[in-house]
Amino acid sequence: TSNTGSCDLNINITPHTSVTPGYPAWYDIEVCNVGSVTTSGTVSLFFDPVLSFNYSSPAQTSVNNSTHTVAWTASNLLPGSCQQFWVDFTADSTVAVGQQVFMLANVTSTGCTETNVVNNVDTVHQEVSASWDPNNKVVLPIGSGVDGKINGNQELTYTINFQNTGTADAVNIVVHDMIDNNLDLSTFHMVSASH
């Protein structure tokens, strides 16, 4: 409930994706009028420097990539109503897995004095995540000498390892193996596979 004649906007920011190097990062900002009078306001988003702004819906009133800010106007919000702002970024491809990413959204009412400013700010703290695959290929026997020479007509058993030891799902995985020209591909046979 709100007091008669009260002016009170609140804001919430919700991430819809993880922050992954080189991939989109989407956020939803919601501004609601929890007061009892029609209120307008300015919405500001301060985004982490590892993110590059792409677009928002509705379109922003301003964006400044130097100060990492995006702004919108929320006009004539009736008591109990909300307005949504969808924001699309791309994470820098060189951002380190495990790095912390910080977003801050705030709303400032125009034309009235707010009765509660505590709910005018919301933040999101995320840790950069990514799949990580320590791939390798092992052959037995390993051969001998500096060049790893083996006898002619020697059977070789290759094991190709793929493992995701990262902090996000590995998706769309394709493993390619280059076969040496000195191997007789007509003798190839699959022994086993885990996937």
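Each remark here, short or long, concerns the structure printed above.
Here the structure is a predicted model, which means the values were calculated and not measured.

Participant: Before we move on, could you go through the environment of P58 and cite the residues and values that matter?
Facilitator: Relative to the assigned elements, P58 resides in the loop between strand 4 (51-57) and strand 5 (62-64). Separated by 97 residues in sequence, P58 and E155 have C-alpha atoms that sit 64 Å apart. Apart from residues no more than four positions distant in its own chain, P58 is found in contact with W72, Q83, Q84 and F85.

Participant: If you had to explain the environment of T159 to someone new, which residues and values would you point to?
Facilitator: In this structure, T159 sits in strand 11 (residues 157-161). Using a relative accessible area of 40% as the deciding quantity, one classes T159 as partly exposed. Each C-alpha atom, one on T159 and one on N136, is 8.3 Å from the other, the two residues being 23 residues apart in sequence. Excluding residues that lie within four positions of it along the chain, T159 makes contacts with N136, K137 and V138.

Participant: Requested: an account of the layout of surface pockets, with residues and values cited.
Facilitator: When its volume is computed, the largest pocket comes out at roughly 1600 Å³. Lining the largest pocket are 38 residues; nearest its centre among them are L156, T157, Y158, T159 and F188. Going through the elements one at a time, strand 10 (136-140) and strand 11 are the ones with two or more residues in the lining of the largest pocket. The dominant element in the lining of the largest pocket, judged by the number of residues it contributes, is strand 11, at five residues. Across the lining of the largest pocket, the residue classes break down as 18 nonpolar, 15 polar and five charged.

Participant: Describe the state of the cysteines, listing the residues and the values that go with them.
Facilitator: Simply put, disulfide is the name for a covalent bond between the sulfur atoms of two cysteines. Taken as a whole, this structure holds two disulfides when the rule is applied. Each sulfur in the disulfide pair C7 and C112 lies 1.9 Å from the other. Of this pair, C7 sits in the segment before strand 1 (9-15) while C112 sits in the loop between strand 8 (100-110) and strand 9 (121-127), placing them 105 residues apart in sequence. Given a relative accessible area of 2%, C7 falls into the buried group. Here C32 is linked by a disulfide to C82, with a sulfur-sulfur distance of 2.0 Å. Taking the sign of the S-S torsion, 105° for the link of C32 and C82, the bridge is right-handed. Of this pair, C32 sits in strand 2 (residues 24-33) while C82 sits in strand 7 (residues 82-91), and the two are 50 residues apart along the sequence. Its relative accessible area of 9% is what places C32 among the buried residues. Given the relative accessible area of 41%, C82 is considered partly exposed.

Participant: Tell me about the sheet that holds strand 7, and name the residues and values.
Facilitator: A sheet is described by the order of its strands in space; here four strands give the open sequence 1-2-7-4, paired in antiparallel fashion. Each edge of the open sheet is held by one strand with a lone partner, namely strand 1 and strand 4. Geometrically, the sheet is characterised by an average inter-axis angle of 25° between neighbouring strands, direction not taken into account. For strand 1 and strand 2, the ladder comprises seven bridges, and the chain directions are antiparallel. Following the sheet pairing, I13 is matched in strand 2 by I29.

Participant: Which residues make up the packing of aromatic side chains, and what values do they have?
Facilitator: Counted by the stated rule, this structure contains five aromatic pairs. Measuring from ring centre to ring centre gives 5.9 Å for F53 and F89, while their planes differ by 75°; the resulting arrangement is edge-to-face. With a gap of 36 residues between them, F53 in strand 4 and F89 in strand 7 connect regions that are remote in the sequence. In this structure F53 comes out as buried when scored by relative accessible area, which is 13%. Ring centres of W72 and F85 lie 5.2 Å apart, and the angle between their planes is 40°; this geometry places the pair in the tilted category. Placement of W72 in strand 6 (residues 69-77) and of F85 in strand 7 is noted, with a sequence separation of 13 residues between them. F85 matches W72 in its accessibility class, with the two residues each being buried. Three or more aromatic residues joined by ring pairs make a cluster, and in this case those are Y27, F47, F53 and F89.

About the cut-offs
Per chain, the residues get numbers from 1 upward, laid out in the order the sequence is written. For a predicted model such as this one, the threshold for reporting local features is a pLDDT of at least 70, and the threshold for listing and counting side-chain atom pairs is 80 or more; totals across whole chains, interfaces and linings nevertheless cover every residue. Side-chain numbers here rest on the full set of heavy atoms in the structure, without hydrogens or water. Helix and strand labels come from DSSP, where a helix needs a run of H or I of at least four residues and a strand needs a run of E of at least two; each type is numbered from the N terminus. Contacts were defined at the residue level, with two residues in contact if any of their heavy atoms lie within 4.5 Å. Only protein chains enter the accessibility calculation, which uses a 1.4 Å probe; a residue is then buried when its area is under 20% of its type maximum, exposed when over 50%, and partly exposed in between. Computed over the protein atoms alone on a 1 Å grid, cavities are sets of points where a 1.4 Å probe fits but cannot get out and pockets are open sets with protein on both sides within 12 Å along at least five of seven lines; a residue lines them when it has an atom within 4 Å of a point. Grid points are joined across faces, edges and corners, and a volume is the space filled by probe spheres set on the points. Side-chain classes follow a simple rule in which Ala, Val, Leu, Ile, Met, Phe, Trp, Tyr, Cys and Pro form the nonpolar group, Asp, Glu, Lys and Arg form the charged group, and the remainder, Gly included, forms the polar group. Pairs of cysteine sulfur atoms within 2.5 Å are what we label disulfides. Pairing between two strands requires that DSSP report at least two bridges joining them. Helix axes use the C-alpha atoms of the stretch in contact, all axes being lines fitted to C-alpha atoms, and the angles between their N-to-C directions lie in the range 0 to 180 degrees. Pairing of aromatic side chains here covers Phe, Tyr and the six-membered ring of Trp, requires ring centres within 6.5 Å, and sorts the geometry by plane angle: under 30 degrees stacked, over 60 edge-to-face, intermediate tilted.

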